[in-house]
Structures are given as structure tokens and as C-alpha cells.
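# Architecture and fold: a report
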Number of protein chains: 2
Amino acid sequence: MHLNLFVHGRGHHEASWRHPLGTRQRLTDLDYYKHLASVAEKGLLDSLFLADALSMDGSIRHVATGGLEPITLVAALAGATSNIGLVATASTTYTEPFNLARQFASLDHISNGRIGWNIVTSWTQGAEANFGFEQQPPHAERYARAFEFLEVVTGLWNSWSDNAIVDDPASGLFLEPSLIRAIDHQGAHFRVKGPLNVPRSPQGYPVLFQAGSSAGGQRFAARYAEAVFTAQPDLASAQAFYRSLKEQTVAAGRRKEDIAILPGISPVIAASDREADALWRELNELTAVETGLARLSNRFGGHDFSHLPLDRPLSVDDFPDPHGVQAAQSRAVVITDLVRQQRPTLRELLHRLAGARGHFTLAGSPERIADTIQTWFEEGAADGFNLMPPILPALLETFVEEVVPLLQKRGLFRTHYEGTTLRDRYGLKRPSNPYF
Amino acid sequence: MHLNLFVHGRGHHEASWRHPLGTRQRLTDLDYYKHLASVAEKGLLDSLFLADALSMDGSIRHVATGGLEPITLVAALAGATSNIGLVATASTTYTEPFNLARQFASLDHISNGRIGWNIVTSWTQGAEANFGFEQQPPHAERYARAFEFLEVVTGLWNSWSDNAIVDDPASGLFLEPSLIRAIDHQGAHFRVKGPLNVPRSPQGYPVLFQAGSSAGGQRFAARYAEAVFTAQPDLASAQAFYRSLKEQTVAAGRRKEDIAILPGISPVIAASDREADALWRELNELTAVETGLARLSNRFGGHDFSHLPLDRPLSVDDFPDPHGVQAAQSRAVVITDLVRQQRPTLRELLHRLAGARGHFTLAGSPERIADTIQTWFEEGAADGFNLMPPILPALLETFVEEVVPLLQKRGLFRTHYEGTTLRDRYGLKRPSNPYF
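On a predicted model such as this, the values are computed, not experimentally measured, just so you know.

## Details of the interface of chain A and chain B
- Contacts between the two partners involve 67 residues from chain A, matched on the other side by 67 residues from chain B.
- Carbon and sulfur atoms supply 56% of the area buried between chain A and chain B, which totals about 5700 Å² over both sides.
- It is Met56(A), Phe174(A) and Arg191(A) that lose the most area in chain A upon contact with chain B, and together they represent 11% of the buried surface on that side.
- The closest approach of N and O atoms between Arg24(A) and Asp167(B), which form a salt bridge, is 3.5 Å.
- At the junction of chain A and chain B, the tally comes to 37 residue pairs in polar contact (both at pLDDT 80 or more).
- Contributing elements (two or more residues each) for the side of chain A that touches chain B: α1 (30-42), α2 (70-80), α3 (97-110), β5 (165-168), β6 (173-175) and β8 (191-192) of chain A.
- When residues in the side of chain A that touches chain B are grouped by element, the largest group, eight residues, is from α3(A).
- Split into classes, the residues belonging to the side of chain A that touches chain B amount to 35 nonpolar, 18 polar and 14 charged.

## Regarding the pattern of salt bridges
All names here are of chain A.
- Applying the stated criterion across every chain, the model contains 34 salt bridges over all chains.
- With its nearest N and O atoms 3.6 Å apart, the salt bridge here joins Glu257 to Arg255.
- For Glu257, a relative accessible area of 48% puts it in the partly exposed group.
- Its relative accessible area of 42% is what places Arg255 among the partly exposed residues.
- Bridged by salt links that share partners, the residues Arg255, Glu257, Asp258 and Lys429 form one connected network.

## Focus on unusual backbone geometry
Residues and elements named next belong to chain B.
- Cis geometry marks the peptide bond from Gly194 to Pro195; its omega dihedral reads 0°.
- Residue placement: Pro195 occurs in the loop between β8 (191-192) and β9 (207-210).
- At the junction of Leu392 and Pro393, the peptide bond is cis and its omega measures out at 0° in the coordinates.
- As for its placement among the helices and strands, Pro393 is situated in the loop between β13 (384-387) and α12 (394-409).

Reading guide: rules and limits
- Residues numbered from 1 in each chain as written.
- Chains lettered and ligands numbered in written order.
- Predicted model: local features only at pLDDT ≥ 70, side-chain atom pairs only at ≥ 80, totals over all residues.
- Heavy atoms only, no water.
- Contact = heavy atoms within 4.5 Å.
- Buried area = accessible area lost by both parts, 1.4 Å probe.
- Salt bridge = Lys/Arg side-chain N within 4 Å of Asp/Glu carboxyl O.
- Polar contact = N/O pair within 3.5 Å; in protein donor to acceptor, adjacent residues only side chain to side chain.
- Helix = DSSP H or I, 4+ residues; strand = E, 2+ residues; numbered from the N terminus.
- Nonpolar A, V, L, I, M, F, W, Y, C, P; charged D, E, K, R; others polar.
- Buried < 20%, exposed > 50% of the residue type's maximum accessible area, 1.4 Å probe, protein only.

Next comes the structure, spelled out in C-alpha cells:
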């Protein structure tokens, strides 16, 4: 079983920073992230992951979020850790592929092969205006660009043979020119000649992570992703997603084990189920309705929900069609499905989303958390989990001290690190180079 | 006096990697750079600096160069050092200003205020084809873009008040929205709304370094640069450059002390002057004519020098007009001036350039090196130096062990670090924020 720590602000619950268990460390302080990484390494987690957005988070007024840029932060963490994998998000929508390929190849060298790239198309409102665009490119166009982007960057990462550097002082030959090649890419979105000016990296290239679960996102994942983060509201939907994405991956000519599926899980952990429920209630009582409404609106392309009463059960008629949403489409579908099935009030829905923004949230004792993880893992819903502690670092520390030992005792989780690269952690093979 | 270590391959002399004093460490190994940083910190140097180019170095076949990308590398070094400043090169020609502003703000937080940005316009042949361009933008156009780029990124770095983060759990207010602002930039090259999504950094923004010495480059430096790297072939030309750039800076409405001028110096150091001369000869004998010709050609926009005899004195008629060169124009001027004044043979010229690509190279005992540094510093040629050891790390270690103590004994160089930021090192003030 694989476990990835999703680092986010002072915790995934939007009120984490207001709770007495929350930290006061600044989100721009490298020491905060070093501590999280060291706790995750102590817990033998596979990797830690940093999400990203290319504009101000609209909810930052009332939520301790934002801080550092992921590529620079994982580089700094590479120097300060020795085992854990480091996964940085970067956008195919507003970045030059040559620059991105180069920074990630460099990161993979710097970390001795512990890097993953979480591939996103940028959907947050406001990003387009920071990059000279009048409006956000439509969903389909963003994915078309992402496919071509991957063709370019994998081409660049394979533009050097692993043996290109000869480094022979006696003859004076440092690099054998026949062992590097231009890629001469000419496509609808990019023209990139290459080669890259960084040697092929320890893992060949970074592990490719992906997080969009829309139909377009799944097609992309089936073709390229080696690990997938996904928000699934319950066991049944997680099983359906797991089955479907594995099938699509096989249909795309790859093996089931070439892709690891990692649903998000946000566990509120306390000594007993009762105390965990109380802690969850405390957190929800510290949220602001205004923040929840702004976030919900952002999920539905700016739709205004503020006229709805807080305490009557919702229906899908209160929501726009999620399939028309040009933002993070799959999350909008998850939310409307939840409304259809459970009929929460608006206040209840905002509390659900306050936990981990639509990811699976549960409260319980360490045993209950371990039971749920075991069920999802054994019943075809997950190859592992994207761990989203509601309060950081407190509930990460609890997870490592209380839940990890239970998973180990049950034979579900490693008891020591094996291998050295992130590919070793996830059991993924090093990509061969088709050109050399 | 300020001293900056210019890290470059296995040393600035192109044959360093073939000499017995050269290292065999891989240029993709973080430990190599960590060692260089620790030696430089032991020598109390102000900063270390990484140059960059956005295409394959044409001379890499016979020169140990290339390796890691500067932004990711300085981030990793920030986690592994505690005092030295870290200066990364990044291009205004082929990077999105929002992405660059964000990564450098993040670096400044990560390093607790030890970051500098060496601002370049990309001139190396081949970079354009990695970014979708048919040809390199002309010299003047690259600088026009650079000026606007600086307006955008300084605007983004000033888009947050230093006090914007309130972080008050009791009231639930994390950020005060009136203390951040959009920049709404609409220019000839960029449209960027902002604000940045990273808080204002410890130094306000990174120290702005610049290295182009053409007329356009000097205009840019006078307006924006806080420290300048420059290639000067001798004392007289260094004095003239120093005087002129300080005057231009004052004419641009700034103070003389707002800009530090750092000529490159590449010292071949041995126990005696005679042994140092011998070491320099050994290095020159290990160079390849083919490599030198390729580099010279690259300096003159691809002009072919290979038909010239190696051993007759050159004249300026052998060269194209350097002012028509669209690449690194100021370096082409330095080379033709040198030819006009000294009439070297082609072989001699290639040896001169092999030392440090046109920067001031000298050989001598530690006393002789210290004497020269003192003269340049005291006679109005330099506020400090861009130290370019011909062999790394060997001749950096010699400099720190043998030359630094002489400079300290003469009262020219610090004996301990004072302050914590790179601005403290260079005596530069933290920029005030015009908007808050």
C-alpha cells in the first residue's frame, strides 16, 4: 500500500489554523515543511505532494493557505531529506515546456531520483489574467495542449542517452554528440527543437502524477499517468473509478500495475470515535459561511449560491449542470452526486467541503481509520491513499504514531524503505529510452 | 570589498577537467555544489552565482560544462547553507514574468533573504528554437522586453504589504484584503493582472544582478541593477567602465552606492609566480583549437574564423564589426579591443579566451593576486570581484586559504559575517514598497 502526504496550508480543514491543535508557524517558513517531511519520513510514507494554483486563492482571507512555490520548495526539501519522494505540481497551461522539462530533470538529479510531477491544467479563476489571456482556455483545449505538452517534455527527457557523458580527460572527449538528439517537435501548440541541456536523470524522468478525474482527465491519465490522485466521496464510487481507470489504462496499451490510484482521505483522528467526532464538530464550528460559499462558487465557475437558505435540504436543481463547468469538472460532479444522494442542507454541505474540499473525510479512533483504509485497499478501491490531515502537523503526527503501526501490524504497509528512487517506492519501472 | 564566487562547470578554464588538479565529480551531483558553497562560506564570500543558457552549449563536446538548472539548484543550496548569498540567472526573454516573480519570491523566503537574481536577455544561439521562435529577437527588442519585464516583476513583488498577513485565529482573519493589490499591467509585451500569490519576501525582493555591458545593457543596469558582473580586460578599461556606469546610475536618479560593480577575475594561483605561470601553460596546452574556434564563432553571431592561420598576429580586419553582433555584444567589443591593442595570434587569443571566456585572467602567487585585487579596488575599478577560479574546487580552496587571509590582513575584506540577508552583505537597502 502506498501513502502520500498532501501538504496544504496548516491542514486540509479550512479552520485548522483557528483550532488550538493548529500550528502558528508561518507558511513561508522552510522549517515548517522540513518538519512535515521529517514526520512523513519517520512514518515511511512514499512521498509528499504540493498542490498549486497560479492566482490568489479567493478564500485566503479566512483560510491559512498559500505560501511557497512548489518547484523551489521541493528543491529545498530535496537537500533536507534522504528517503521520501517529493511531488511538485506544475501547469501545462501557462508554462513553457522547455523550462518545465529542464527544472524537473534538474530536480530529479538534485534529489537522486525522488521527484514526481503532478501534471495539471490550470483551472482556477484569475490565472489566465496573470499570463496575458482574456479568458481561461476551455476544458477540452487545455487537455489538447496537455497531451502535446507531454509529448514535448518526454521527448526532451529522452533527448540524451544515459551514456552521453563520456568524461574522458585523457582524450578530451566530455560528451559524445551522437548520443544526444534534437526532438524537432512541430505541433499545434508548440515548436521545440531540443535537445534538453540537462543530462537524462536518475529516474529517466520524474514519476508522472495526475489529479483531474473528468472524462478528459481520465483519458489523459490512462495514456500518461503513473500515479493518480482522486477525490472519491465513498467506497462504491471509489471502486467504480478504480475499475474504470485501470480498464482505460489497459485499453491504452499499458499494464494495470503501471498506474497507482490514490484516493484522498482526510482522517480526523482522536483516542476514541466519540472524541474524534467532537474534534470534527469543533473544526466545523470554526468555519465561516462566507468562505465556504466563495469556494463552492469557485467550484462551479462563479455560480452564486448565496441566496440559498442555509438549513433546508438541497436538491440538484439548486446547482448548474456540472458537465458545463469549465473549471475542475470532476469535482463539480462529485458535489452534485453527493447532493443527489444525501440531500444535505447548504450548511451541512459547506461543512463537508470544509473538511477537505470534497475529498473523503472521516472521524474516528486509529482503529477505525485503519479499518477503513484496509477495506478500501482490499476491496478494489485504491492502491494507496493521498493522506490529507485535517490539521498539520498535529494530525499527521497522530497518523504516523497511531495508524501506521496498525497498518504495519496487519501486514498492509512497509516496515522499512527499500530502494532509493520514487519509482522504487511505487513499484514503477524506469522508462526505457526509445531513441538510444 | 565584495567577493562573489562564479560557479561554472569544473572551473572557468576550459581544460580544467583534463588537468590533474581537476575534480571528477559529476556536474549533476548536488554534493559537488554543496562543497563549493561550504568552501565559499568558510572564506566569508558574499555570494555564489550560477550563470545559465537556454540551449545546449556548443562546446560541451570538449568542455565539462552544463548540469543543473540554476533556480532549482540554488533552492537546494538554500537548504544546505546558512550565510552565503545565492544568485541564480534567469531569462527575461523566454520566461513568463508571473512564474519568474513567484519562484524568486519563494526562493527569498526559503533562504531567509539570501537570494539574488541575475537578469539576462537570452543571446545564445539555439535558445529561440526551444521556445517556438524562428529567430532570436534583436538586441534592442530583447532589452525593450527586459525593461517591461522588470516593471512587471517589481510590481508583483510589491503587490503585498509586508503586513498583509494578519493571522488572527480569534477573529478568523488570516489576510487583510486591502493590503494586497492587483497590478493591472498592460504593456507592449505583457498583460499581467496580479497580485502575486506569494507574500512579500524578506528582502522585499531579490537583489537585482545584471551582466550585460553593451550600451543597452548599461542603460538597463543604471535603472535597475544593484550589482553588476562585467568582463574587463585590464585596469584602465575597468576604471573607465566603473566611472561611466556610476555616472549613468546617478543620472538615472539613484545613488552611486546603490550599485556594486564586480569585474570578473580568474586567478591561476600557485606558491610562486613562476609555478603559477607553469600551471597556466599546462592548462592552455590541454585546450582544443576546435573548441576555441567554436566559442569565438558563437561570440560573433556564427562568424567563421577557421580559415585564419593560427600563428600570425591578428588585426581587427579579421573580425566583423562587434557593434553589429546581436549576441552578447559587449563581449565582442572587449575581444576586438584586445586584438586592436595587443595583436595576439589566433592561438594566443584562443588561449586568452580559454582562461575565462574574455574575463581578466592572471597567474601568480597569493601575494601577487592580492596586490592586483587591492590595486583594482583602491584605484576606482571595482567595488569587489566576481571570482572565477580556473579549476574548481582546487583553486577556490587555494584562494580561500591563501588570498583571503592576505586581504583580511590588509583590512580590505571582512573577518566575520554581519547581518543575515544578501542585501546586508552588499550594503544595499531593503526596497520600500511604493504602494503601501
